[in-house]
Amino acid sequence: MKTLLSDAGSPTGEHEIAVTEATGEILSIRGGRPLRGVVDVKGAKNLATKAMVAALLGQSVSVLRDVPDISDVKVVRSLLEVHGVRVDDGDEPGTLLLDPREAVSAHMEEIDAHAGASRIPILFCGPLLHLLGQAFIPDLGGCRIGDRPINFHLDALRNFGAVVEKLPSGIRLSAPDGLHGANIELPYPSVGATEQVLLTAVRARGVTELRNAAIEPEIMDLIAVLQKMGAIISYEPNRVILIEGVPNLDGYDHRCIFDRNEAASWACAALATDGDIFVSGARQQEMLTFLNVFRKAGGSFDVREDGIRFRRGEALRPVMVETDVHPGFMTDWQQPLIVALTQADGQSVVHETVYENRLGFTAALNKMGADIQVHPQGLDMPGRRVPRRALEQAAVINGPTPLHGADVVVPDLRGGYSYVIAALAAEGESTVRNVGIIRRGYEKFFAKLDALGADFRVIG
């Protein structure tokens, strides 16, 4: 069964998103109860999946620790196994052993079947070109939060010497003369394109200079993984990364950086439900920007050796937020924060400058009683620090407005989490459909909700 959602965040307000209910569970949630307790945050989705791909570059077994048990990891594991990589579970929970020594080429149909809605196959290209001389990319899926073109990836691979052939079913790449170093400047500090360059340049002949690179903590952790394998990578001022190619790399042994996006999500849940949540494994340094906004909005936090405790310190206050690449306010943080801001006393504004469709989820919040207006072309306001971008939008949130139960369908990963938190903060009963999407990025989601005292049941 398919349900069509109107994406109010698109430039025309008429873009429709097809959501298949069969992809996940349906939750019945009774709200009005604060979330209190402890949740454990494992390794970051945005590092674990990329480090798994990096194992293809090694000549020996890699060991990756603190890997979250989420569907995106399962997708990458399947893709690696399709290419002949042996993936075993280690003795320690959350540990994977990745052996690429029998890696082979895979058929387009196999890649497409295992990729599902993931965009991860694009990052296989560089390692596979080094390993096998060819790579295939099916049509790419992922959360429908923006265009997210792969042109940055393909242009970078062409600079390395790859030949790109577009087919009806996807894209075939080859490297008849091998790959060489390149001078690359990204038009935007894209995380995915930066990862692509890193995974390709480490074994390319010569030196690669990447300008306007993304510098997210997960990128730095991927660089640490590659350095353990024998890569020579230096980070210079002004978003410049230098990579000296080497002929061979070995396996690695690495523990994933914590998932700061999940940590921020639980922090916003504490804020929205007037709860008290200790996020075990969260660290202050990678969350400085988020913590500042959390405090401005009326939240309180205690940084401890083994995690961070989040709770509502006083009445919620309105804030003005601009999403940006690191070290700015992450786009993944704004959706759960908006739920909390519906209960702030006054008018908040969230400028979304990274993805053009990420505010479409607010239509369902309005259905639950929120007062949120989306401005498809963004807003000019005094005090802004992030440059205006052509695709940006703005959400104006007027509060406080009591939330009530409703029937909603999850549109994407962070939006889906936000719907669950809104339902938990609302009075009455809500039905949240297509919850399976949330398992892409949240490990043991139901168990964590249960541990925090949420009142819910799975009904489909």
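Residues numbered from 1 in each chain as written. Predicted model: local features only at pLDDT ≥ 70, side-chain atom pairs only at ≥ 80, totals over all residues. Heavy atoms only, no water.

A. Structural view of the overall build of the protein. From N to C terminus, the protein includes 13 helices and 25 strands. Within the protein, the proportion of its 460 residues that are buried is 58%. Look at the contacts in the protein between residues 6 or more apart in sequence, and 74% of them connect residues 24 or more apart. Summed over its atoms, the accessible surface of the protein is roughly 17,800 Å², and 48% of this surface lies on carbon and sulfur atoms. (Helix = DSSP H or I, 4+ residues; strand = E, 2+ residues; numbered from the N terminus. Buried < 20%, exposed > 50% of the residue type's maximum accessible area, 1.4 Å probe, protein only. Contact = heavy atoms within 4.5 Å. Areas by Shrake-Rupley, 256 points an atom, 1.4 Å probe, with all protein chains shown as cover.)

B. Local environment of the environment of Ala370. Mapped onto the elements, Ala370 comes out in the loop between α11 (362-367) and β21 (371-375). For Ala370, a relative accessible area of 9% translates into the label buried. In contact with Ala370, not counting residues within four places along its chain, are Thr342, Leu365, Thr401 and Leu403.

C. Region of interest: the confidence of the model for the protein. Taken residue by residue, the protein gives an average pLDDT of 90. The fraction at 70 or more is 90%. Low pLDDT, under 50, characterises residues 1-23; the predicted model gives this stretch 57 contacts beyond four residues in sequence or across chains. Within the model, pLDDT remains below 50 along residues 142-147, and this stretch shows 20 contacts once partners closer than five positions in the same chain are excluded. (pLDDT = per-residue confidence, 0-100.)

D. Representation of the pairing of strand β14 (residues 240-244). As judged from the 4 bridges shared by strand β12 (residues 207-211) and β14, these two strands associate in the antiparallel manner. Bridge assignment links Leu210 to a residue of β14, and that residue is Ile241. Where strand β13 (residues 232-236) lies against β14, 5 bridges are found, and the strand directions are antiparallel. By the bridge assignment, Ile232 is partnered in β14 with Glu244. Connecting β13 to the next strand, β14, in antiparallel fashion are 3 residues, including Asn238 with a positive phi near 65 degrees. (Pairing = 2+ DSSP bridges.)

E. Focus on the pattern of salt bridges. Inspection of every chain in the model, using the stated rule, returns 36 salt bridges. Lys50 is the partner of Glu195 in a salt bridge, and the nearest nitrogen-oxygen pair spans 3.1 Å. Remark: Lys50 occurs in helix α1 (residues 45-54) and Glu195 occurs in helix α6 (residues 191-201); sequence separation between them is 145 residues. Here Glu195 matches Lys50 in class, with each residue buried. With a closest N to O distance of 3.5 Å, Arg255 and Asp66 form a salt bridge. Pair noted here: Arg255 is in strand β15 (residues 253-255) and Asp66 is in the loop between β5 (62-65) and α2 (71-82), with a separation of 189 residues, a long-range link. Overall, Arg255 belongs to the partly exposed group, its relative accessible area being 42%. (Salt bridge = Lys/Arg side-chain N within 4 Å of Asp/Glu carboxyl O.)

F. Spotlight on α1. Buried residues dominate α1, accounting for 9 of its 10 residues. Those residues of α1 not exposed but buried are Lys45, Leu47, Ala48, Thr49, Lys50, Ala51, Met52, Val53 and Ala54.

G. Structural detail: unusual backbone geometry. For the peptide bond that leads from His326 to Pro327, omega is 15 degrees, which places it in the cis range. Structurally, the position occupied by Pro327 is in the loop between β19 (320-322) and α10 (331-341). In this chain, Gly399 is followed by Pro400 through a cis amide linkage whose omega measures 0 degrees. Considering the arrangement of structural elements, one finds Pro400 in the loop between β22 (393-399) and β23 (407-409). At Asn212, a position not held by glycine, the phi torsion is positive, near 60 degrees. If you check the backbone angles, Asp274 has positive phi at about 55 degrees while not being a glycine. Mapped onto the elements of the fold, Asp274 is located in the loop between α8 (260-273) and β16 (276-280). Note on Asp274: relative accessible area 36%, which makes it partly exposed.

H. Region of interest: α8. Look at α8: 20 Å from first C-alpha to last across 14 residues, which is about the 20 Å you get at 1.5 Å a residue. Counting buried positions along α8 gives 14 out of 14 residues, so the element sits mostly inside the fold. Among the residues trailing α8, Asp274 stands out with phi positive, at a value near 55 degrees. (Expected span 1.5 Å × (residues − 1).)

I. Broad picture of the nonpolar core. Leu226, Trp266, Met287, Phe290, Phe310 and Leu365 are the most contacted members of the largest nonpolar core, which has 143 residues in total. No other element matches the 9 residues that α8 contributes to this core. Setting aside chain neighbours within four positions, we find Leu365 in contact with Ile338, Val339, Ala370, Ile372, Leu403, Tyr419 and Ala422. (Core = buried A, V, L, I, M, F, W, Y, C linked by side-chain atoms within 4.5 Å.)

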